[in-house]
Amino acid sequence: MERKPLEVESTDHHQKPSSAVYGGPVTAVDSVEDEAQEPKVVFRGWKVMPFIIGNETFEKLGIIGTLSNLLVYFTSVFNMKSITAATIINAFSGTINFGTFIAAFLCDTYFGRYKTLTVAVIACFLGSFVILLTAAVPQLHPTPCGNASTCVSPSTGQIAFLLMGLGFLVVGAGGIRPCNLAFGADQFNPKSESGKRGIDSFFNWYFFTFTFAQILSLTLVVYIQSNVSWTIGLTIPVVLMFLACLIFFAGDKLYVKVKASGSPIAGIAQVITVAIKKRGLNPAKHPSLNLYNYYPPKYANAKLKYTDQFRFLDKAAILTPEDKLEGDGKPSDPWKLCTMQQVEEVKCIVRVLPIWFAASIYYLTITQQMTYPVFQALQSDRRLGSRGFVIPAATYVVFIMTGMTVFIVIYDRVLVPTLRRITGLDTGITLLQRIGTGIFFAFASLVVSGFVEERRRTFALTKPTLGMAPRKGEISSMSAMWLIPQLTLAGVADAFAAIGLMEFYYKQFPENMRSFAGSIFYVGVGVSSYLANFLIATVHRTTQNSKTGNWLAEDLNKGRLDLFYFMIAGILAVNFAYFLVMARWYRYKGSDDEVTSYETNEDIIKQQQDKSTA
């Protein structure tokens, strides 16, 4: 998976683009190695962080402020049915997440991160503006329904204009997610201690601003949208996105802009193609010794040793009399002969895929907890305090973020030091153990969700209700605060699994595929969104004429949402068992020039002890 040396765009238009030739992606160097031949490139680190973090904060506030309440917006302004709105939201979320993979490919291969982000932030602003117009201009949404039993459906033109806004948001959010983190890290020097600390701090600030934006959007912005005015509530994200654009472009002359350096996809294709071509060859008797291995100078990736999994790929590195080499030992035709290094890098990717599949099923929990609890809240008692303040239904989802944020601090400051003393591991537990714990908490969240919905429905059917929810049904006297446990458990699950998965992909993918490592997480979330759509449609179609009634009826009191939750909990239980098998089978990619395949804590502890005595 060799790529051409990475280059940095020059901010001086009178100079040729400068080249930074290192073993990996250029993130922050004060100058290139040969100043006589290459112009000096200055990387400013924290000096440009006000532009990057400021842009990140306003941008997240703008995007989340637009997206967080779309479910209610679709049902109350566009007069959509709940199942239609949930289907559109899931499809929209899935498309954004799949878009990150395309954006990572285009970013790595053609445009670089700065140009990709330039297009993305403008697209996000345009998308937010179009969504605002659908609320502000009466002709762009159907006639308000009020408490009427039948409502006017949106016209084809109104739907088309709405979809145009969502399309801009797909382009924008899909481009920002895989590039923003890496672009911020590009501003620091990874070869200096201050640069390394700067990168670590930037990652912390990134996740802080992301969570802060979610909490603020799901409280203040959602409240204004639901209780004051949709036009005012959607104007706020547009203004914030405009500010994000201004802040981002204000730092144009100061940024480090790493040029596109070619995609590693070609290397993967070469290994698979050559392995198929040479499938008739006998396997190497001693692969670690007999397979052809050429490690190019200044290669971006750590040197890997041979592993005995997926041995059918080894044939791509068998040297035959027909294969020709160049003077430096490099294969003349990479579509006829690959190196053992290339094969091992492809094995790293293939090895991750079963874990990625389990993660995609896991995210069904978060997908459901972001949609149906909103409908549960609409038909629950949302009053707070003696003055009767009503909490917006979409605001309850903030407890996922709150649970995640609080538990991250507990995990880092309490659990990790405690577990470190027990296991002897620097991280307390392995990455796969962390992910597995998250899947377990997700299962617990769904079980609690089922029991809480059963309680809410029982209250609605057997006790005095609090009136009618427009186009829904009777409002249960059960307090919506009962939704907090299931949402908090989902947040704890994400603190374990989501962050663990991001770190897992980042460390287990080859170094020159870290843009794709960032996108594959979101692709998994996208898969879960489409899977959720499939489950909703299947359950709706299967149960609408059953004796128990439609599980996902528009009026939750007539449905059986509790059974739907229990069904997904069953799926997650099977997925958890599958994950345990795959985790037992998995072999971690080594670091630096060593590749140690370890499966137990004892192996990792031994490796740490060897390093400390070396």
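Structural notes, computed from the coordinates.

How each quantity is defined
- As a convention, each chain's residues are numbered from 1 in the sequence order in which they are written.
- Given that the model is predicted, a residue must reach a pLDDT of at least 70 before its local features are reported, and side-chain atom pairs must reach 80 or more before they are shown or counted; all residues, however, enter totals for whole chains, interfaces and linings.
- Side-chain figures throughout are based on the complete set of non-hydrogen atoms in the structure, without hydrogens or water.
- Helix and strand definitions follow DSSP, with helices as H or I runs of at least four residues and strands as E runs of at least two, each counted in order from the N terminus.
- For every residue, the accessible area obtained with a 1.4 Å probe (protein chains only) is divided by the maximum for its type, and the residue is called buried under 20%, exposed over 50%, and partly exposed between those limits.
- Contact definition: two residues touch when any of their heavy atoms are within 4.5 Å.
- Every accessible area reported is derived by Shrake-Rupley at a probe size of 1.4 Å, with residue values counting cover from the shown protein chains alone.
- Any Lys or Arg side-chain nitrogen found within 4 Å of a carboxyl oxygen on Asp or Glu counts as a salt bridge.
- Any helix carries an expected span of 1.5 Å times its number of residues minus one.
- In this text, buried Ala, Val, Leu, Ile, Met, Phe, Trp, Tyr and Cys residues form a nonpolar core when linked through side-chain atoms within 4.5 Å.
- A residue's bend is given by the angle between axes fitted to the 7 residues ending at it and the 7 residues starting at it.
- Counted as a polar contact is a pair of N or O atoms within 3.5 Å, where, for protein atoms, one must be capable of donating a hydrogen and the other of accepting one, and residues adjacent in sequence contribute only when both atoms are in side chains.
- Every axis corresponds to a line fitted to the C-alpha atoms, with the helix fit spanning only the stretch in contact, and the corresponding angles, defined between N-to-C directions, vary from 0 to 180 degrees.
- Note that the term roughly parallel is reserved for angles under 35 degrees, roughly antiparallel for angles over 145, roughly perpendicular for angles of 65 to 115, and oblique for everything else.
- By definition, turning the near helix anticlockwise from the far helix through less than a right angle yields a left-handed crossing, and turning it clockwise yields a right-handed one.
- Just so you know the grouping, Ala, Val, Leu, Ile, Met, Phe, Trp, Tyr, Cys and Pro go in nonpolar, Asp, Glu, Lys and Arg go in charged, and all remaining residues, Gly too, go in polar.

## Considering the overall build of the protein chain
Working step 1: Scanning the protein chain from terminus to terminus reveals 17 helices and five strands.
Working step 2: Burial status across the protein chain gives 55% buried among its 614 residues.
Working step 3: Counting only contacts in the protein chain whose residues sit at least 6 apart along the sequence, the fraction spanning at least 24 positions is 78%.
Working step 4: Only carbon and sulfur atoms are counted for the fraction: they give 63% of the accessible area of the protein chain, which is about 27000 Å².

## As for the pattern of salt bridges
Working step 1: Following the criterion strictly, the structure yields eight salt bridges and no others.
Working step 2: A salt bridge links R311 to D314, with the nearest nitrogen and oxygen atoms 4.0 Å apart.
Working step 3: For K347, the salt bridge goes to D314, with nearest N and O atoms at 2.9 Å. In this pair, K347 is assigned in helix α9 (residues 340-362) and D314 in the loop between α8 (287-290) and α9, connecting sequence segments 33 residues apart. You'll find K347 and D314 in the same group, each marked buried.

## Re helix α16 (residues 561-585)
Working step 1: With 25 residues, α16 should reach 36 Å at 1.5 Å per residue; the first-to-last C-alpha distance of 36 Å fits that figure.
Working step 2: Among the residues of α16, L561, D562, F564, Y565, I568, A569, L572, N575, F579, M582 and A583 are the ones counted as buried.

## Some details on unusual backbone geometry
Working step 1: Although it is not a glycine, N79 sits at a positive phi angle of roughly 55 degrees.
Working step 2: Turning to its location among the elements, N79 is positioned in the loop between α2 (70-76) and α3 (82-136).
Working step 3: Classification of N79 as buried rests on a relative accessible area of 7%.
Working step 4: Backbone geometry at F310 places phi at a positive 55 degrees, although glycine is not the residue there.
Working step 5: As for its position among the elements, F310 is in the loop between α8 and α9.

## Structural notes on the nonpolar core
Side chains that are nonpolar tend, in soluble globular proteins, to be buried together.
Working step 1: If you look at the biggest cluster of nonpolar residues, it comprises 113 residues, and the most contacted ones within it are Y73, F74, L432, F504, Y505 and F564.
Working step 2: Not counting residues up to four positions away in its chain, the partners in contact with F564 are Q368, Y372, L535, I536, V539, W551 and L552.

## Topic: helix α4 (residues 156-185)
Working step 1: An ideal rise of 1.5 Å per residue puts 44 Å on 30 residues; α4 measures up with 44 Å between its terminal C-alpha atoms.
Working step 2: If you look at α4, its biggest bend is around 45 degrees, right at C179.

## Re the side chain of K347
Working step 1: Judged by relative accessible area, which is 0%, K347 ranks as buried.
Working step 2: A polar side-chain atom of K347 sits 3.1 Å from a polar atom in the side chain of E344.

## Notes on the packing of helix α1 (residues 49-67) against helix α6 (residues 230-250)
Working step 1: Running from N to C, α1 and α6 point in directions that differ by 160 degrees, and their axes come no closer than 8 Å. As summarised for this structure, α1 and α6 are arranged roughly antiparallel, according to the angle between their axes. Viewed along their axes, α1 and α6 form a crossing whose handedness is left-handed. Mapping the contact onto sequence places P50, F51, G54, N55, F58, E59, L61, G62, I63, G65 and T66 in α1 and L234, P237, L240, M241, L243, A244, I247, F248 and A250 in α6.
Working step 2: The residue makeup of the contact of α1 with α6, split by class, is 14 nonpolar, five polar and one charged.

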